[in-house]
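Here are the chains, one letter per residue:
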Amino acid sequence: MPPVPPLGMDAASLAEDFHHHYELTLGRDCRRPVYAYDLYQALALCLRDRLVERWKATLALSEAPDTRCAYYLSMEFLMGRALGNAALNLDLTETAAAVLRDHGLQLEALAEAEHDAGLGNGGLGRLAACFLDSCATLQLPVVGYGLRYEYGMFRQHIVDGEQVEEPDHWLRDGNPWELERPERARRVQFGGRCEFHRDARGRQHVRWIDSHDVLAIPYDTPVPGYRNTTVNTLRLWKAAATDEFDFNEFNAGRYSESVAAKNAAENITTVLYPNDASENGKELRLRQQYFLASASLQDVLARWRDNHGSDFSRFAELNCFQLNDTHPSCAVAELMRLLIDEHQLEWDQAWTITTGTMAYTNHTLLPEALERWPVELFKRLLPRLLDIIYEINARFLSQVAERWPGDAERLRRMSLIEEGDWPQVRMAYLAIVGSFSVNGVAALHSQLLQQGLFNDFYQLWPQRFNNKTNGVTQRRWLAGCNPALSGLITATIGAGWVRNLSQLQQLRAYGDDSEFQQRWHRVRQENKRRLAELVQAECAVTFDSAALFDVQVKRIHEYKRQLLNALHIVHLYDRIKRGAVDDWTPRCVLIGGKAAPGYFIAKRIIKFINNIAAVVNADAAVGDRLKVAFLPNYRVSTMETICAGTDLSAQISTAGKEASGTGNMKFMMNGAVTIGTLDGANVEILEEVGEDNFFLFGLTAAGVEAARQGYDPQALIAADADLSRVMQRLRDGEFDSGEAGIFDPLIAAITSPHDPWMVAADFRAFVDAQVCAAAAYRDRARWTRMSIMNSAASGRFSTDRTMEEYNRDIWRLRSMGDVDGL
Ligand code: 26V
């Protein structure tokens, strides 16, 4: 067949294809009523066709036998919508908008029809998505491997102030971005037992038999680079029952049992676990993790076999696996199993390869989020893997014993197996032992890992540990979501920042330029108006864009301290009620985020915020001074509107608890000023922007630990008249909406000397910092300057920089470059 000429990138070609896809691919009739979703799909297919051309060219490069590749293994990819990003990267936004306008249609309206791909909980999953964007833009051969959950992150409704979860069946209307690749299906084993035997030469062989197998079917999604010819791959696995379920079991006359077994197999990829911290020990979750690790490794090994046969001597030179937290860390033992049992390598060879290819990123210091799996569960589900983990542990502990002779306590501490009545496998330790690189996600976080959580391992292998401060992609989080500000920036310093965010520094020169300030201010006002529209539509609360927009959106968790924010709102309300309103700055507070469905206190905090909003917004004495809204169903696509319209970004976690944060970076880039603690990447944000352009408050990480000794919140409350009045209003039941005592658990948490999050300890400092922020906002020129300076200083927080560092220090990939003719 002759080669097909590249598709046209002009309006006429696009218009023709749009029509073609609408009428023929989708089988719709433009003379009949049209639906936004069909129009969206038709446009998506036009863009996809153009991506597919580039995708095939990229595959030819990345799958060449000598190309070193990295694989990003992640249980979560929080991709959000793809259409706007595809158009932006293909440079077709203007053209598509013009074509649609000719048909009396609006690009924004079509884009709104797309369901968010919500295959993640929060920061960790969205980080994976930003990484993929930057890798494609830097033309690095990186494949994302994950799970194709049928149901993504639940949809959140607020009913009577409370969170109600609803399943997110995001694939219901079809997904135009994915391509099924049934020919690359893999088989993943569960259960059964191991059979050992020796061959004539005395080598031991292990067969994993009587297992219950599940098929892994890959679905590929294109990941376009920004205005280059690179299109990388996100490969998501769907679980399907093997044919044996239909034949053997049905025929054995155990019909209903076999259907149940078939369902159990397919259930593996039914639903994303909606927890961002705890919930350990669920069997289905371990099944998901192993399914991802095994299918992905088999996929890579199959391609290796095609190119290199049974010669694994260069495998570690040409492959690298990045483990996104411990969730895929079964991969360490699974790679050992595949190399030894399926590819006949010796233990030492296999271990050299494994520890030469695995790299582990830690995303949390919270002990409850550190994964441990019961040995008994491992034995039942993954018997061969447990044997391998025991062997890894035995060899590892002999190394520890050699380094620290006679230190039994250290052996106990560092063992991959936590002993006790209910022995557990420590997945983080497995990941560390099996990897050549271990990194945290912000400078402070990496330091705390080395000095605290993983200190024993750091002492043993200091050279393994490194930091890679997170970032966000400026294509989605500035160019895509904030066209007005992007336009102003590009008109001022050129368009180079879209690929090289450090160029935003050039905006510093305009910080005091009053004409530029005015334009900056006008653009931001318009973005605030758009955000106010969203709040009006979703919360029925009216935000006036003249007011200070004070925003905290992120998962609801005690360590993130939405409760501290709520106490501040009650304090402002108290001031209004007392008439202490001199020099008042009108303020609109927006809070949004999902709570894990089983997280009682987090759900009660949501109720608390909603009840405060109801009281404040209905009180005539408050008027325009204060508005409060809780935005339901916070997700990637709403953040795109929120971050563009925020003045003050609340990043107020207890110091030492937020590994990095990435919302903080999105806000900063769009010109919001941070009010925050010295936690996670806030530390580096402050470093870049300077104290004059950041409202810093609160205890440091070391201060928090010191203050735990003799922490006495009751005394702090008694000593602070503002906090006393706030607590009194809570105890008086002012926000109880007739349900007496519902906030007692929150009062108890704040007043407990054991409050791990030290809410009361930081109240005074937070209120004082808020006073400073309010005063700064009243001076428009000053605030606008701060806003410009924040955006100008955000260059370090691009995932382009992050990916360059991963590549320099860990992956060592060669950029693929462009392909001619596209
Ligand atoms: C743990 C679990 C436990 C079992 C159920 C499902 C589940 C899902 C996620 C997690 C770990 C969450 C860790 C996490 O999300 N860390 C966040 O990572 C961001 C990206 O590095 C970082 O910016 C945030 O500060 C950090 O909290």
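Residues numbered from 1 in each chain as written. Predicted model: local features only at pLDDT ≥ 70, side-chain atom pairs only at ≥ 80, totals over all residues. Heavy atoms only, no water.

1. What to know about the UniProt feature "modified residue: N6-(pyridoxal phosphate)lysine" (unreviewed entry) in the chain
Heads up, the condition is: UniProt positions are given in the numbering used here, feature names are shortened, and annotations may be inferred rather than shown by experiment. A 1.4 Å probe rolled over the protein chains alone gives each residue an accessible area, and that area as a share of the maximum for its type sets the label: buried under 20%, exposed over 50%, partly exposed in between. Any two residues whose heavy atoms approach within 4.5 Å are treated as being in contact.
Feature annotation in UniProt assigns "modified residue: N6-(pyridoxal phosphate)lysine" (unreviewed entry) to the following positions: Lys666. Judged by relative accessible area, which is 6%, Lys666 ranks as buried. Among all residues touching Lys666, those that are not within four sequence positions of it are Arg126, Val472, Trp477, Met639 and Cys643.

2. A few points about the site of the ligand
We apply this condition: Proximity criterion: a residue is near a molecule or strand once any of its heavy atoms comes within 4 Å of it. Polar contact is the term for a pair of N or O atoms within 3.5 Å; when the atoms are in protein, one must be able to donate a hydrogen and the other to accept it, and sequence-neighboring residues count only if both atoms are side-chain atoms. Using the Shrake-Rupley algorithm and a 1.4 Å probe, accessible areas are obtained, with residue cover drawn only from the displayed protein chains. Each helix is a run of H or I in the DSSP string that is no shorter than four residues. Each strand is a run of E no shorter than two, and both are numbered from the N terminus. The classification used treats Ala, Val, Leu, Ile, Met, Phe, Trp, Tyr, Cys and Pro as nonpolar, Asp, Glu, Lys and Arg as charged, and all other residues, Gly among them, as polar.
In the vicinity of the ligand there are 21 residues, among which Asn275, His363, Asn470, Glu658 and Gly661 approach most closely. Between an oxygen atom of the ligand and a side-chain N or O atom of Asn470, the distance comes to 2.8 Å. In the model, an oxygen atom of the ligand is placed 3.2 Å from a nitrogen or oxygen of the Tyr559 side chain. Bound to the protein, the ligand loses 95% of the 600 Å² it would expose on its own. Of the residues forming the shell around the ligand, the biggest block, three residues, is contributed by helix α6 (residues 123-137). By residue class, the composition of the shell around the ligand is six nonpolar, 10 polar and five charged.

3. Overview of the pattern of salt bridges
Note the cut-off: Salt bridges are counted wherever a side-chain nitrogen of Lys or Arg sits within 4 Å of a carboxyl oxygen of Asp or Glu.
Considering all chains together, one arrives at 67 salt bridges under this definition. Notably, a salt bridge pairs Arg155 with Glu166, separated by 2.4 Å at the nearest N-O pair. Here Arg155 is found in strand β5 (residues 155-159), whereas its partner Glu166 is found in strand β6 (residues 162-166), with 11 residues between them in sequence. When its relative accessible area of 29% is taken as the criterion, Arg155 is described as partly exposed. Between Arg181 and Asp220 there is a salt bridge, and its shortest N-O distance comes to 3.5 Å. With Arg181 in the loop between β7 (179-180) and β8 (186-190) and Asp220 in strand β11 (residues 212-224), the pair connects residues that are 39 residues apart, well separated along the chain. Taking relative accessible area as the criterion, Arg181 reaches 27% and is therefore assigned partly exposed.

4. Observations concerning the packing of aromatic side chains
To describe a pair of aromatic rings, you give the distance between the ring centres and the angle between the ring planes. How we decide: Classification of ring pairs uses Phe, Tyr and Trp, with its six-membered ring standing for Trp, and accepts pairs whose centres are within 6.5 Å; under 30 degrees between planes counts as stacked, over 60 as edge-to-face, and the remaining range as tilted.
Tallying each qualifying case throughout the model produces 29 aromatic pairs. Their ring planes at 40° and their centres at 6.1 Å tell us that Tyr71 and Tyr145 sit as a pair that is tilted. Of the two residues, Tyr71 sits in strand β1 (residues 69-73) while Tyr145 sits in strand β4 (residues 142-147), which places them 74 residues apart along the sequence. For Tyr71, a relative accessible area of 3% corresponds to the buried category. For Tyr145, a relative accessible area of 1% translates into the label buried. Aromatic pair Tyr510 and Phe516: ring centres 5.2 Å apart, planes at 45°, arrangement tilted. Exposure remark for Tyr510: the relative accessible area of 27% places this residue in the partly exposed category.

5. What about the packing of helix α29 (residues 721-731) against helix α31 (residues 759-778)?
Selection criterion: Angular values range over 0 to 180 degrees, each being the angle between N-to-C directions of two axes fitted as lines to C-alpha atoms, with helices fitted over their stretch in contact. Each angle receives one of four descriptions, namely roughly parallel if under 35 degrees, roughly antiparallel if over 145, roughly perpendicular if within 65 to 115, and oblique otherwise. Crossing handedness is defined as follows: a turn of the near helix away from the far one that is anticlockwise and smaller than a right angle gives a left-handed crossing, while the clockwise case is right-handed.
For the pair α29 and α31, the least separation of the axes is 10 Å and the interaxial angle reads 120°. Between α29 and α31, the crossing angle belongs to the class labelled oblique. The handedness of the crossing between α29 and α31 is right-handed. On α31, the residues that touch Asp722, Leu723 and Val726 of α29 are Ala760, Phe763 and Arg764.

6. Observations concerning the environment of Ala331
Relative to the elements of secondary structure, Ala331 occurs in helix α11 (residues 330-342). Using a relative accessible area of 0% as the deciding quantity, one classes Ala331 as buried. Contact partners of Ala331, with chain neighbours within four places excluded, come to Leu73, Ala293, Leu297, Leu323 and Met358.

7. Overview of empty space enclosed by the protein
This is how it is decided: With a 1 Å grid spanning the protein atoms alone, the term cavity applies to any set of points in which a 1.4 Å probe fits but cannot get out, the term pocket to an open set with protein on both sides within 12 Å along at least five of seven lines, and the term lining residue to any residue with an atom within 4 Å of a point. Grid points are joined across faces, edges and corners, and a volume is the space filled by probe spheres set on the points.
Evaluated as defined, the whole model comprises four cavities of 30 Å³ or more. Its boundaries defined by the atoms lining it, the largest cavity holds a volume of some 440 Å³. Considering the residues around the largest cavity, the lining is formed by 31 residues, among which Met79, Gly80, Ala82, Trp177 and Thr221 are closest to the centre. Put simply, the parts of the chain that give the lining of the largest cavity at least two residues each are α2 (36-62), β2 (77-80), α3 (83-90), β3 (117-119), α6, β11 and β12 (231-241). It is β11 that contributes the most residues to the lining of the largest cavity, five residues altogether. Broken down by class, the residue content of the lining of the largest cavity amounts to 19 nonpolar, six polar and six charged. In this structure, the second largest cavity is lined by 14 residues; those nearest its centre are Thr67, Tyr71, Arg303, Asn307 and Asn319. Mapped onto the lining of the second largest cavity, the elements with two or more residues apiece are β1 and α9 (283-308). Per element, the largest residue contribution to the lining of the second largest cavity is five residues, and it comes from α9.

8. What about helix α26 (residues 682-689)?
The complete set of buried residues in α26 reads Asn682, Glu684, Ile685, Leu686 and Val689. Tucked into the core, α26 has its buried residues touching α17 (443-453), β23 (648-651), α25 (663-669), β24 (673-676), β25 (695-696) and α32 (780-792). Where α26 terminates, the next one or two residues include Gly690, which has phi positive at roughly 85°.

9. Notes on the pairing of strand β18 (residues 437-440)
Filter applied, for reference: Paired strands, in this sense, are two strands between which DSSP finds at least two bridges.
Where burial is concerned, the two faces of β18 agree: the one with Ser437 and Asn439 and the one with Val438 and Gly440 are both buried. Pairing of strand β14 (residues 358-361) with β18 involves three bridges; the strand directions are parallel. For Thr361, the partnering residue across the bridge sits in β18 and is Asn439. Pairing geometry for β18 and strand β19 (residues 465-467), over three bridges, is parallel. Note that in β19 the partner of Gly440 across the bridge is Asn467.

10. Let's talk about α9
Condition: Multiplying one less than the number of residues by 1.5 Å gives the expected span of a helix.
The terminal C-alpha atoms of α9, which comprises 26 residues, lie 37 Å apart, in line with the 38 Å expected from a rise of 1.5 Å per residue. Counting buried residues along α9, 19 of its 26 residues qualify, which places the element largely inside the surrounding structure. Looking at the residues trailing α9, positive phi occurs at Gly309, about 65°.

11. Brief notes about the sheet that holds strand β15 (residues 372-374)
Sheet architecture is open: three strands sit in the order β15-β17-β16, paired in antiparallel fashion. Of all the strands in the sheet, the pair left with one neighbour each is β15 and β16 (417-418). In this sheet, strand β17 (residues 424-426) lies alongside β15 in antiparallel orientation, the contact comprising three bridges. Opposite Trp373, over in β17, you have Val425 as the bridge partner.

12. Some details on the side chain of Asp720
Of note, Asp720 is situated in the loop between α28 (713-719) and α29. Accessibility expressed as a relative area gives 10% for Asp720, which makes it buried. A polar contact is formed between the side chain of Asp720 and the backbone nitrogen of Leu723, at a distance of 3.0 Å. Once residues lying within four places of it in the same chain are set aside, the contact partners of Asp720 are Phe763 and Arg764.

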